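Architecture and fold: a report
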Amino acid sequence: MTLSSKSLQELDFCVVDTETTGGHCFHDRIIDIAVIHWRDGIIYDRFHSLINPGVPIPPWITALTGIDDAMVKNAPTFQELSRMLRQVLDQGVFTAHNAAFDYGFIRGEFARLGETFESPQVCTLRLARRLFPELKSKSLGSLCEHLLIEIFDRHRALGDAEATVYLLKNLMKKLGAE
């Protein structure tokens, strides 16, 4: 399936958010992940888990996310979650705010397992840049504030993924797709 072969209303979206040990998918790791399978205003499935990255979480990441080493100590590893995660991700188009970041990390984690991950992508940041050129900041927080979307549990994967679902819904309305 290519994105151009279907209208937005016909697509299933897997809205993804990750929290990581840093900003580089080649050497940093995922510590929190959420995927929400959404289509036409209905949430069909949710996946959320802390992930044991196998490396210490830097203090500045703990300050940002509230996730520390003790919280992930007994969490599953990415490898332990990979089969279930792939099943959820295969339900729709990979969608995220700054999709390249989350997509890069997920591809990197699968690559560490000797597997590939490929998916068409929708980036709500890129859409927002086109649809809200007047806004100075297109961060998830700024866009949600502008659109009166409340973010519960900011800088945690599930809270940010849920906010991104509502952002996507607003962007699609602005595009005239709903």
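It should be noted that the structure appears before, not after, this text.
Residues numbered from 1 in each chain as written. Predicted model: local features only at pLDDT ≥ 70, side-chain atom pairs only at ≥ 80, totals over all residues. Heavy atoms only, no water.

1. Overview of the overall build of the protein chain
In plain terms, the rule: We count a stretch as a helix when DSSP gives it H or I for four or more residues in a row; a strand needs E for two or more, and each element gets its number in order from the N terminus. Each radius of gyration reported is based on C-alpha atoms, and the globular scaling rule is 2.2 Å times the count of residues to the power 0.38. Burial classes follow relative accessibility: with a 1.4 Å probe on protein chains only, a residue under 20% of its type's maximum area counts as buried, one over 50% as exposed, and anything between as partly exposed. Two residues form a contact once any of their heavy atoms are found within 4.5 Å. Each accessible area is a Shrake-Rupley result for a 1.4 Å probe, and residues are judged covered by the shown protein chains and nothing else. In this tally Asp and Glu are treated as negative and Lys and Arg as positive; neither His nor the chain ends contributes. Here the site of a charge means NZ on Lys, CZ on Arg, CG on Asp, or CD on Glu.
Helix and strand content of the protein chain: seven helices and five strands. Listed by position from the N terminus, the elements making up the protein chain come as β-β-β-α-α-α-β-α-β-α-α-α. Against the 2.2 N^0.38 benchmark of 16 Å for 178 residues, the protein chain shows a C-alpha radius of gyration of 16 Å, consistent with a compact globule. Principal axes of the C-alpha set define a box for the protein chain whose edges measure 45 × 35 × 25 Å. The burial tally for the protein chain puts 48% of its 178 residues in the buried class. If you take every contact in the protein chain between residues at least 6 apart in sequence, the share linking residues at least 24 apart comes to 63%. Put simply, the protein chain shows about 9,100 Å² of open surface, and 51% of that area lies on carbon and sulfur atoms. Of the charged side chains in the protein chain, 19 are positive and 23 negative; the average position of the first set lies 5 Å away from that of the second.

2. Here's the deal with the pairing of strand S3 (residues 42-50)
Rule in force here: At least two DSSP bridges between two strands are required for those strands to pair.
As judged from the eight bridges shared by strand S2 (residues 30-39) and S3, these two strands associate in the antiparallel manner. Paired with Arg39 across the strands is Ile42, a residue of S3. Counted between consecutive antiparallel strands, the loop separating S2 from S3 contains two residues, among which Asp40 sits at a positive phi close to 50°.

3. Thoughts on the packing of aromatic side chains
Filter applied, for reference: Only the six-membered ring of Trp is used, alongside the rings of Phe and Tyr, when aromatic pairs are assigned; centres must lie within 6.5 Å, and planes under 30 degrees apart are stacked while those over 60 apart are edge-to-face, with the rest tilted.
Following the criterion strictly, the structure yields seven aromatic pairs and no others. Plain terms: the ring middles of Phe13 and Trp38 are 5.7 Å apart, the flat faces sit at 45° to each other, and that makes the pair tilted. Here Trp38 lies in strand S2 and Phe13 lies in strand S1 (residues 13-20), a separation of 25 residues in the sequence. A residue is classified by how much of its surface remains accessible, and Phe13, at 0% relative accessible area, is buried. The class for Trp38 is buried, based on a relative accessible area of 2%. A ring pair is formed by Phe110 and Phe117, whose centres lie 5.6 Å apart and whose planes are at 15°; its orientation type is stacked.

4. Observations regarding unusual backbone geometry
Within the chain, Asp40 stands out as a residue other than glycine whose phi angle is a positive 50°. In this structure, Asp40 sits in the loop between S2 and S3. Classification of Asp40 by relative accessible area gives exposed; the value is 52%.

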